[in-house]
Amino acid sequence: MLRRSAVVPALASLPLLLGAVACAPADEEPSTAADAGSDAGSEEPAAEVDPATCVTDDMLLEGGTLTVGTDSPAYEPWFADNDPTNGEGYESAVAYAVAERLGFSEDEVSWVRVPFNTSYAPGAKDFDFDINQISITPKRAEVVDFSQGYYQAAQAVVALEGTAGAEAASLEDLADLRLGAQTGTTSLTAIRDIIEPEVDPAVFEDTNSAKQALANDQVDAVLADLPTAFYISAVEIPGSTIVGQFQPETGEQEEFGMLFEKGSELVPCVDAALQAMEADGELADIEQEWLSDVVGVPELQ
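I will try to describe carefully the structure that is included in this document. Keep in mind that this is a model prediction, so the values were computed, not measured.

1. What about the overall build of the chain?
- Along the chain, the regular secondary structure elements total 12 helices and 12 strands.
- Counting every position in the chain, which comprises 301 residues, the buried fraction comes to 51%.
- Taken as a whole, the chain presents about 13,900 Å² of accessible surface, with 47% of it coming from carbon and sulfur.

Printed below as a string of C-alpha cells:
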C-alpha cells in the first residue's frame, strides 16, 4: 500500500559528499508529592524563558564558549564540505542560529568531534550539546537529556533500480530482503523491530560502508533518514532509488533533538531559542534552504 507524501532535501546547494546518518538506571522516584508534580495545578505558571539572557557561565563546559559536538565526517545535507564551522548544511545552520539566540557570536562557538554511538552513552560530556541526527527515544532519554525536536524525521529505504529491493511495495515485502543500516541508529532499530526481516540485518559502522555494500550486492536495500536517503539516491549511487518511507507503527513522529548531559541546565535555554525560531519562521527558512523540496515519496505500510 502506497501513499504519497514527504519533505526531502533540495540538492542544488549540496556539495558531493555522502549523507549519513542514529544502560544506566532511570531517574530516581521523587521523594515527595510536590517533587512528583502532584501540586502542579496550584503552582504559578513558569515564567517565559528569554534565550538571550538565559545562559550563565556555570551552565557551560567552558565559560563564554558554547561547545557543540558532532561526528566526523560530518555528512551532507546536514553539514557542508565536512566542516561544521562554516554554518552551511541544515544542522550547522541550526546550531549557529541557536547560538546567536543564546547570545553567542560565531567565534564563541567551538566544535568537538563526538562519534555517533558514544553521544548518547551515560556519563559526563565534553560538549554543551551535540547535534548529529540523533533521534529522541525514551531509552536514550533515560541517560541523556534532549531539546525539543528541531527536525521531524522519517525512515527511508534505498535500493538499486531493477533489483528485488526496488520492487518492494510494503513493509511486508521488505521482510524477505537482505537489509542493512548503520549501527546504533533508529534505522537499524526500525529494521529489527518494525520490518522484522527473515535474515538478520547487516550492521555497518557508517553509511559509507552501507552504501558500498549496496553497490556490491551484499544487501538488497539500506535504511537511513529520508534526507540522507534522498542524497544517496540522487547524488552518491547512480541507478539507485528511494523505495519508500515510513514512520514507526505507533504512529509517533520521529524527531531529531539536540543532546545534553543528563541534568543540563542549558536545555530550557535551547528550547526557548528553538521556540523563538519556530515562532518567527527562522527554523522553517533554514529547512527550506537546506532540506525542503517537496517531492512525493511512497509511504510503505
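2. Quick notes on the pattern of salt bridges
- Tallying each qualifying case throughout the model produces 7 salt bridges.
- A salt bridge links Arg101 to Asp280, with the nearest nitrogen and oxygen atoms 2.5 Å apart. With Arg101 in helix H3 (residues 90-101) and Asp280 in helix H11 (residues 267-280), this pair connects stretches of sequence that are 179 residues apart.
- Bridged by salt links that share partners, the residues Arg101, Asp280 and Glu282 form one connected network.

3. What to know about the nonpolar core
- Counting residues in each nonpolar core, the largest one holds 40 residues, and the members touching the most others are Tyr90, Val94, Val98, Ile131, Met258, Leu266 and Val270.
- Those elements giving two or more residues to this core turn out to be strand E2 (66-70), H3, strand E3 (109-113), strand E5 (144-153), strand E11 (254-261), H11 and helix H12 (282-290).
- If you look at the next biggest cluster of nonpolar residues, it comprises 19 residues, including Leu179, Ile194, Val243 and Phe246.

4. Topic: the environment of Asp58
- Secondary-structure assignment places Asp58 in the loop between helix H2 (51-54) and E2.
- On the basis of relative accessible area, Asp58 is assigned to the exposed category, the value being 62%.
- Expressed as a C-alpha distance, the spacing of Asp58 and Glu265, which sit 207 residues apart in the sequence, is 9.1 Å.
- Within the local environment of Asp58, its side chain forms a polar contact with the side chain of Thr56, the two groups lying 2.3 Å apart.

5. A look at the state of the cysteines
- The full count for this structure, using the stated rule, is 1 disulfide.
- Paired by a disulfide, Cys54 and Cys269 hold their sulfur atoms 1.9 Å apart. Because the sign of the S-S torsion sets the handedness, a value of about -65° for the bond joining Cys54 and Cys269 places this disulfide among the left-handed ones. Of this pair, Cys54 sits in helix H2 while Cys269 sits in helix H11, placing them 215 residues apart in sequence. There is no split in this pair, since Cys54 and Cys269 are both buried.

6. Description of the environment of Ala164
- By secondary structure assignment, the location of Ala164 is in helix H6 (residues 164-167).
- Each C-alpha atom, one on Ala164 and one on Ala221, is 8.8 Å from the other, the two residues being 57 residues apart in sequence.

7. Let's talk about helix H9 (residues 207-215)
- Turning to H9, its buried residues number three or more, namely Thr207, Ala210, Lys211, Ala213 and Leu214. The buried residues of H9 occupy an angular sector of 160° when projected down its axis, which confines them to one face.

8. Quick notes on the packing of H11 against H12
- Between H11 and H12, the shortest axis-to-axis distance is 5 Å and the interhelical angle comes to 75°. What the angle tells us is that H11 and H12 run roughly perpendicular. For the pair H11 and H12, the contacting residues are Met277, Glu278 and Asp280 in the first and Glu282, Leu283 and Ile286 in the second.

9. Observations regarding the pairing of E5
- The buried fraction of E5 is high, at 8 of 10 residues.
- Bridge count between E5 and E11: 7 bridges; the pairing is antiparallel. Pairing of Ala153 across the sheet is with Glu254, part of E11.

10. Re the packing of aromatic side chains
- Overall, the coordinates contain 10 aromatic pairs when judged by the stated rule.
- Judged by centre distance (6.0 Å) and plane angle (90°), the rings of Phe79 and Trp111 are edge-to-face. Of the two residues, Phe79 is situated in the loop between E2 and H3 and Trp111 in strand E3; the sequence distance between them amounts to 32 residues. The burial state of Phe79 is the same as that of Trp111; both residues are buried.
- Three or more aromatic residues link up through ring pairs in this structure, and these residues are Trp78, Tyr90, Tyr150, Tyr151 and Phe256.
- For the cation-ring pair, Arg140 lies above Tyr120, with the distance from its terminal atom to the ring centre recorded as 4.3 Å.

11. Some details on the side chain of Asn132
- As for its placement among the helices and strands, Asn132 is situated in the loop between strand E4 (129-130) and helix H5 (138-141).
- Given the relative accessible area of 6%, Asn132 is considered buried.
- When residues no more than four places from it in sequence are discounted, the contact partners of Asn132 are Thr70, Asp71, Glu91, Val114, Phe116 and Tyr150.

Conventions adopted
- Residues numbered from 1 in each chain as written.
- Predicted model: local features only at pLDDT ≥ 70, side-chain atom pairs only at ≥ 80, totals over all residues.
- Heavy atoms only, no water.
- Helix = DSSP H or I, 4+ residues; strand = E, 2+ residues; numbered from the N terminus.
- Buried < 20%, exposed > 50% of the residue type's maximum accessible area, 1.4 Å probe, protein only.
- Areas by Shrake-Rupley, 256 points an atom, 1.4 Å probe, with all protein chains shown as cover.
- Salt bridge = Lys/Arg side-chain N within 4 Å of Asp/Glu carboxyl O.
- Core = buried A, V, L, I, M, F, W, Y, C linked by side-chain atoms within 4.5 Å.
- Polar contact = N/O pair within 3.5 Å; in protein donor to acceptor, adjacent residues only side chain to side chain.
- Disulfide = S-S within 2.5 Å.
- Arc of directions from axis to C-beta.
- Axes fitted to C-alpha atoms, helices over the stretch in contact; angles between N-to-C directions.
- Parallel < 35°, antiparallel > 145°, perpendicular 65-115°, else oblique.
- Contact = heavy atoms within 4.5 Å.
- Pairing = 2+ DSSP bridges.
- Phe/Tyr/Trp six-rings, centres within 6.5 Å; stacked < 30°, edge-to-face > 60°.
- Lys NZ or Arg CZ within 6 Å of the ring centre and 35° of its normal.

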